[in-house]
Amino acid sequence: MKVLEAPFVKGFIRVADDGWLQGWHERNGGNLSYRMRPEEVESVREELVPRKWEPIGTEVPLLGGEYFLVTGSGRYMRNAVIDPEDTFCIIELDPAGAHYRILWGLSKGGRPTSELPTHLMNHEVKVRVTGGKHRVIYHAHPANIVALTYVLPLTDEVFTRELWEMETECPIVFPDGIGVVPWMVPGGREIAVETSKLMEKYDVALWAHHGLFCSGDTFDQTFGLMHTVEKAAEILVKVLSMAPKKRQTIEPEGFREVAKAFHVTVPERFLYEKED
Ligand code: 2HA
Ligand code: ZN
């Protein structure tokens, strides 16, 4: 099969384009990666031609020998539909998980996203904690959630609780909550280490004054998670813009009832009592 005919590639392009249409990917903002299944690798093998081994910039030994579809450094999500061959690439990792080589894509040259260390370290954590269920890591720059990082305290507890209160579905969509990384220089190992620590317990990591990382098992689920968090953030921005204080909201007991009705566990540390 040709790479561009493969269903997982079509799913990848759809997320890139949907994110662009949402306004989450100004210029070359954001990046996406997908951990391929062995049968997906075999299905496109005819088109895979190895290039040079390059250092990843971190080590991900658990992912040694795995293949990923990943967006390119400096590439624009809005071009995924019209120029897929030059917007992303398929890479293979060496057995130690320290080097990668490109096998397909980035037809005009270049390398995978500058956030490759964060993508791969997040994948490695998720392989371990989900038993390989999660395959998608998605980074975007949605405006409302980023705006909130200038006005809310940068704690997991406050961000989780304030977003949960904005939509009854939130604690069902992300019952584990969301983690917050304070502002750091993007694009390297240090921010990758901090983000992957949060991915041990959350599927959403917020980079202050920058954007969001989401992890999930399918493209639909991962895009839907990003969309839900940003929608809740948009509502919160509207609420904070209308009044200094909420007149009424969903109370801790309400979240406990939702958890029971929808068979999810919501950690009590997010259901703290608020001062008036
Ligand atoms: O430009 O989003 O974080 C790609 C990015 C870097
Ligand atoms: Zn970014």
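As a reminder, the structure under discussion sits directly above these lines.
The structure reproduced in this document is the subject of the present report. All of these numbers come straight from a predicted model, not from anything done at the bench.

## Examining the coordination of the zinc ion (ligand 2)
Logical step 1: Bound to the zinc ion (ligand 2) are the protein donor atoms His139 (NE2), His141 (NE2) and His210 (NE2), situated 2.1 Å from the metal.
Logical step 2: One chain supplies every donor for the zinc ion (ligand 2), spaced along it as H-x1-H-x68-H.
Logical step 3: Using a relative accessible area of 1% as the deciding quantity, one classes histidine 139 as buried.

## Some words on the site of ligand 1
Logical step 1: Around ligand 1 sit Asn28, Gly29, Gly30, Asn31, Glu115, His139, His141 and His210, and those are all the residues in its vicinity.
Logical step 2: Between asparagine 28 and ligand 1, the recorded distance is 3.1 Å, taken from a backbone N or O atom to an oxygen atom.
Logical step 3: Side-chain polar atom of histidine 141 to an oxygen atom of ligand 1: 2.9 Å apart, as the coordinates give it.
Logical step 4: Relative to its unbound accessible area of 220 Å², ligand 1 is 84% covered by the protein chains.

## Side note on the environment of glycine 97
Logical step 1: Structurally, the position occupied by glycine 97 is in the loop between β4 (88–93) and β5 (99–105).
Logical step 2: Of the residues examined, glycine 97 reaches a relative accessible area of 0% and is grouped as buried.
Logical step 3: Separated by 42 residues in the primary sequence, glycine 97 and proline 55 place their C-alpha atoms 9.3 Å from one another.

## Let's talk about the pairing of strand β3 (residues 67–71)
Logical step 1: Among the five residues of β3, five are classified as buried, and the element is accordingly described as predominantly covered.
Logical step 2: Side chains Tyr67, Leu69 and Thr71 of β3 all project onto a buried face; the interleaved residues Phe68 and Val70 project onto the opposite face, where all are buried too.
Logical step 3: Note that strand β1 (residues 31–35) and β3 share three bridges and pair antiparallel. Within the sheet, the bridge partner assigned to arginine 35 lies in β3 and is phenylalanine 68.

Cut-offs used in this document
- Residues numbered from 1 in each chain as written.
- Chains lettered and ligands numbered in written order.
- Predicted model: local features only at pLDDT ≥ 70, side-chain atom pairs only at ≥ 80, totals over all residues.
- Heavy atoms only, no water.
- Donors = N, O, S within 2.8 Å, 3.2 Å for Na, K, Ca; no water.
- Buried < 20%, exposed > 50% of the residue type's maximum accessible area, 1.4 Å probe, protein only.
- Near = heavy atom within 4 Å.
- Polar contact = N/O pair within 3.5 Å; in protein donor to acceptor, adjacent residues only side chain to side chain.
- Areas by Shrake-Rupley, 256 points an atom, 1.4 Å probe, with all protein chains shown as cover.
- Helix = DSSP H or I, 4+ residues; strand = E, 2+ residues; numbered from the N terminus.
- Pairing = 2+ DSSP bridges.

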